[in-house]
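This is what each chain is made of:
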Amino acid sequence: MAQTIALAGKGGVGKTTICGMLVEYLCQKKNGPVLAVDADANSNLNEVLGVEIESTLGDIREDIARAEMAAVSPIPAGMTKADYAEMRFSEALTEADDFDLLVMGRTQGKGCYCFVNGLLSSQVAKYAKNYRYIVVDNEAGLEHLSRGILPKVDVILLVSDCSRRGVQAAGRLAEMVRELDLGPKEVGLIVNRAPGGRLNDGVREEIDRHGLKLMGVVPHDDTVYEYDAEGRPSVTVPENSPVKQAVRAIFDQLAL
């Protein structure tokens, strides 16, 4: 049974970078295959991991929709439409050296993401038995958890920057986890980009007010910004960087 770790938090707090470093951490432990899932419609986990993707589930869904309207069907003779769709959706799984990556992406049409959310659910369910870990980079909310789109989640890591607003958003997400009775074994807060790796008293008071379990503080590091600006994968920052050291100390607590 795969162990599922989901990351959530408001936009812009560095959640995807933390997620990518968790994937790298698990790969280095060599305890089993890792499936990384980018469940954010604004997909960029692949850039953090340094992986090129050719197709997302959303892209393929649009291709199939256009094919249905085409005068000449692309479906090979003797293949059902369902088998063709399944074959195409398998293209969204990108295989890297140490992990695989599944990207939800987005559809081009207007309206909700119900269809592509359903695709994500079915594809993750299909692949889950093949992996020891599933690491999910969620959108800002908990839609994929609240709708049962993802398997039962064992660990939820809430990521915030070192602002009161970020912590308040994490607090609301933690409350949602309790209300939805999601039942993870662990719910913890990671505060990212803290100047000097320290929190001021106001932020600590906000964390306590929301009853959040602080897993650790990740310091601000210009190197991460520079790698991002240069288009270099964030996971390739030096092993002795303050960010790498901080996140690994946090992940060690999870006993994954």
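Our structure is the block above this text.
Basis of the calculations
By convention here, each chain's residues receive numbers from 1 onward along its written sequence. Reporting in this predicted model follows two pLDDT cut-offs: at least 70 for local features of residues, and 80 or more for side-chain atom pairs to be given and counted; totals over whole chains, interfaces and linings ignore these cut-offs and use all residues. To get the side-chain values, all heavy atoms of the structure are used, and hydrogens and water are removed first. Helix and strand assignments come from DSSP, with helices taken as H or I runs of at least 4 residues and strands as E runs of at least 2, each series counted from the N terminus. Residue exposure (1.4 Å probe, protein chains only): buried if accessible area is under 20% of the type maximum, exposed if over 50%, otherwise partly exposed. Here a residue-residue contact requires only that any non-hydrogen atoms of the pair lie within 4.5 Å. In short, Shrake-Rupley with a 1.4 Å probe defines the accessible areas, and a residue's cover is counted only from the protein chains shown. Charge assignment: positive for Lys and Arg, negative for Asp and Glu; neither His nor the chain ends contribute. Every charge is mapped onto a representative atom, which is NZ of Lys, CZ of Arg, CG of Asp or CD of Glu. Only buried residues count toward a nonpolar core, which is a set of Ala, Val, Leu, Ile, Met, Phe, Trp, Tyr and Cys residues joined through side-chain atoms within 4.5 Å. Under the pairing criterion, centres of Phe, Tyr and Trp rings, with the six-membered ring standing for Trp, must be within 6.5 Å; the plane angle then separates stacked pairs below 30 degrees from edge-to-face pairs above 60, leaving the rest tilted. In this scheme, the term charge over a ring applies when either NZ of a lysine or CZ of an arginine sits within 6 Å of the ring centre and within 35 degrees of the ring normal. Strand pairing is defined by DSSP finding a minimum of two bridges between the two strands. Between N-to-C directions, angles span 0 to 180 degrees; the directions come from axes that are lines fitted to C-alpha atoms, helices contributing only their stretch in contact. In this analysis, the protein atoms alone were mapped onto a 1 Å grid. Cavities are point sets where a 1.4 Å probe fits without being able to get out; pockets are open sets with protein on both sides within 12 Å along at least five of seven lines; lining residues have an atom within 4 Å of a point. Grid points are joined across faces, edges and corners, and a volume is the space filled by probe spheres set on the points. Throughout this entry, Asp, Glu, Lys and Arg are counted as charged residues, while Ala, Val, Leu, Ile, Met, Phe, Trp, Tyr, Cys and Pro are counted as nonpolar. The remaining residues, Gly among them, count as polar. Here a polar contact is taken to be a pair of N or O atoms separated by no more than 3.5 Å, where protein atoms must pair a possible hydrogen donor with a possible acceptor and residues adjacent in sequence count only if both atoms sit in side chains.

1. Overview of the overall build of the protein chain
Per the secondary structure count, the protein chain includes 10 helices and eight strands. For the protein chain, the proportion of its 256 residues judged to be buried stands at 51%. Looking at the protein chain alone, contacts between residues at least 24 apart form 78% of all its contacts between residues at least 6 apart. Total accessible area on the protein chain stands at roughly 12400 Å², and carbon and sulfur atoms take up 48% of it. The protein chain carries 28 positive and 37 negative side-chain charges, and their two centres are separated by 4 Å.

2. With respect to the nonpolar core
Generally speaking, a soluble globular protein has its nonpolar side chains buried in company with each other. L102 and L158 are the most contacted members of the largest nonpolar core, which totals 41 residues. Broken down by element, the residue count for this core peaks at five residues, all from helix α7 (residues 164-179). Ignoring any residue separated from it by four or fewer positions in sequence, one finds L158 in contact with A8, A170, L173, A174, V187, G188, L189, I190 and L212.

3. Concerning the environment of L35
Mapping L35 onto the fold places it in strand β2 (residues 34-38). Among the residues examined, L35 registers a relative accessible area of 0% and is labelled buried. Separated by 204 residues in the primary sequence, L35 and E239 place their C-alpha atoms 23 Å from one another. What L35 contacts, discounting residues up to four positions off in sequence, is L93, D100, L101, L102, Y127, Y131, Y133, I134 and V135.

4. With respect to the packing of aromatic side chains
Taken as a whole and assessed by the stated rule, the structure comprises one aromatic pair. A cation over an aromatic ring shows up here: R232 above the ring of Y227, its NZ or CZ 3.9 Å from the ring centre.

5. Brief notes about the sheet that holds strand β8 (residues 214-219)
With mixed pairing, the eight strands of this open sheet are ordered in space as β3-β4-β2-β5-β1-β6-β7-β8. Each edge of the open sheet is held by one strand with a lone partner, namely β3 (93-95) and β8. Each adjacent strand pair in this sheet contributes to an overall mean axis angle of 20°, direction not counted. Bridge analysis of β2 against strand β5 (residues 133-137) gives five bridges, and the strand direction is parallel. Following the sheet pairing, D38 is matched in β5 by D137. Helix α1 (residues 15-29) contacts β1 (3-8), β2, β4 (99-103), β5, β6 (155-161), β7 (186-194) and β8 of the sheet and is inclined by roughly 170° relative to β5. α7 contacts β1, β6 and β7 of the sheet and is inclined by roughly 160° relative to β6.

6. Digging into the layout of surface pockets
A volume near 690 Å³ is recorded for the largest pocket. Counting residues per element, the ones that place at least two in the lining of the largest pocket are α1, α2 (45-49), β7 and α9 (222-229). When its residues are assigned to classes, the lining of the largest pocket shows 11 nonpolar, 14 polar and 10 charged.

7. Let's talk about the side chain of N192
Looking at the secondary structure, you find N192 in strand β7. Looking at N192, the relative accessible area reads 7%, which means it is buried. For N192, the side chain forms a polar contact with the main-chain oxygen of V13, separated by 3.0 Å. Those residues within four positions of N192 in sequence are excluded, and the remaining contacts are V13, G14, I18, V159, S160, D161, C162 and V218.

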